[in-house]
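Structural description and commentary
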Amino acid sequence: MTPKFPKPLVLKKIGDMLWEFYEDFWYYVGDVSNDDLIVIPKGFHTDLASVPRLFWSFFPPDGKYTYAAMPHDYLYWTQTRSRVETDKIFLEALKEIGVGLGTRLIMYRAVRIFGWLPWNKRAKELKGDDDDQNKSD
């Protein structure tokens, strides 16, 4: 863990490629002292890193980058920040946990190119007053 990820990631498997946060999970955006904290609540659901199955041999869903994927998943779900900002937070978090430059750039470019699909899908759900509060891919 790093100061920007001050709590361990504690998940429980609840389905095929579906996990639930067993405890709150935190990520400090930017400098830890600026109080820009993303809190992912206990009970939130995730599919870990949303990597298409075709690429799992290179980028498994539970790779080194899993910590960075968690705030990204949560922000895509809540849409409390812009998609551009959310993707930049993902890139920052990848660097924070020591993901190599090549992998960081591939993953960042992938979310910039393809992330509009899940982002827009969720935006439509939110506009339709969707009552579900958990990701359930």
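Read on for an overview of the structure. A quick note: this is a predicted structure, and the numbers were derived from the prediction, not measured.

**Things to note about a nonpolar patch on the surface**
On the surface, Ile113, Phe114, Trp116 and Leu117 cluster together to form a nonpolar patch covering roughly 430 Å² of accessible area. Only α3 (101-114) and α4 (116-127) provide two or more residues apiece to the nonpolar patch. Looking at the element boundaries, Phe114 is found in helix α3.

**Here we look at the pairing of strand β4 (residues 37-40)**
Burial along β4 is one-sided: the residues Ile38 and Ile40 are buried and none of Leu37 and Val39 is. One ladder, built from four bridges, connects strand β3 (residues 25-28) with β4; its direction is antiparallel. Across the sheet, Phe25 pairs through a bridge with Ile40, a residue of β4.

**Section: the packing of helix α1 (residues 66-78) against α4**
Contact pair α1 / α4: the axes reach a minimum separation of 8 Å and the direction vectors enclose 40 degrees. Judged by the angle between their axes, α1 and α4 are oblique. Each of Leu75, Tyr76, Trp77 and Thr78 in α1 lies in contact with α4, whose residues at this interface are Pro118, Trp119, Arg122, Glu125 and Leu126. Here the contact of α1 with α4 is built from residues that sort into six nonpolar, one polar and two charged.

**Remarks on unusual backbone geometry**
Of note in the backbone geometry, Met17 takes a positive phi value of approximately 55 degrees without being a glycine. Phi angles above zero are rare outside glycine, and Gln79 is one such case at about 55 degrees. Tracing the chain through its elements places Gln79 in the loop between α1 and α2 (83-96). The exposure class of Gln79 is buried, given its relative accessible area of 18%.

**Details of the packing of α1 against α2**
How two helices sit against one another is set out by the angle between their axes and by the gap between those axes. Between α1 and α2, the least distance of the axes is 8 Å, while the angle of their chain directions is 170 degrees. The pairing of α1 with α2 is recorded here as roughly antiparallel in orientation. Where α1 abuts α2, its residues Ala68, Ala69, His72, Leu75 and Tyr76 lie against Arg83, Thr86, Asp87, Ile89, Phe90, Ala93 and Leu94. Along the lines of polarity and charge, the residues of the contact of α1 with α2 split into eight nonpolar, two polar and two charged.

Parameters at a glance
- Residues numbered from 1 in each chain as written.
- Predicted model: local features only at pLDDT ≥ 70, side-chain atom pairs only at ≥ 80, totals over all residues.
- Heavy atoms only, no water.
- Patch = residues over 30% accessible without salt bridge, like charges linked within 9 Å, V, L, I, M, F, W, Y side chains within 5 Å.
- Areas by Shrake-Rupley, 256 points an atom, 1.4 Å probe, with all protein chains shown as cover.
- Salt bridge = Lys/Arg side-chain N within 4 Å of Asp/Glu carboxyl O.
- Helix = DSSP H or I, 4+ residues; strand = E, 2+ residues; numbered from the N terminus.
- Buried < 20%, exposed > 50% of the residue type's maximum accessible area, 1.4 Å probe, protein only.
- Pairing = 2+ DSSP bridges.
- Axes fitted to C-alpha atoms, helices over the stretch in contact; angles between N-to-C directions.
- Parallel < 35°, antiparallel > 145°, perpendicular 65-115°, else oblique.
- Contact = heavy atoms within 4.5 Å.
- Nonpolar A, V, L, I, M, F, W, Y, C, P; charged D, E, K, R; others polar.

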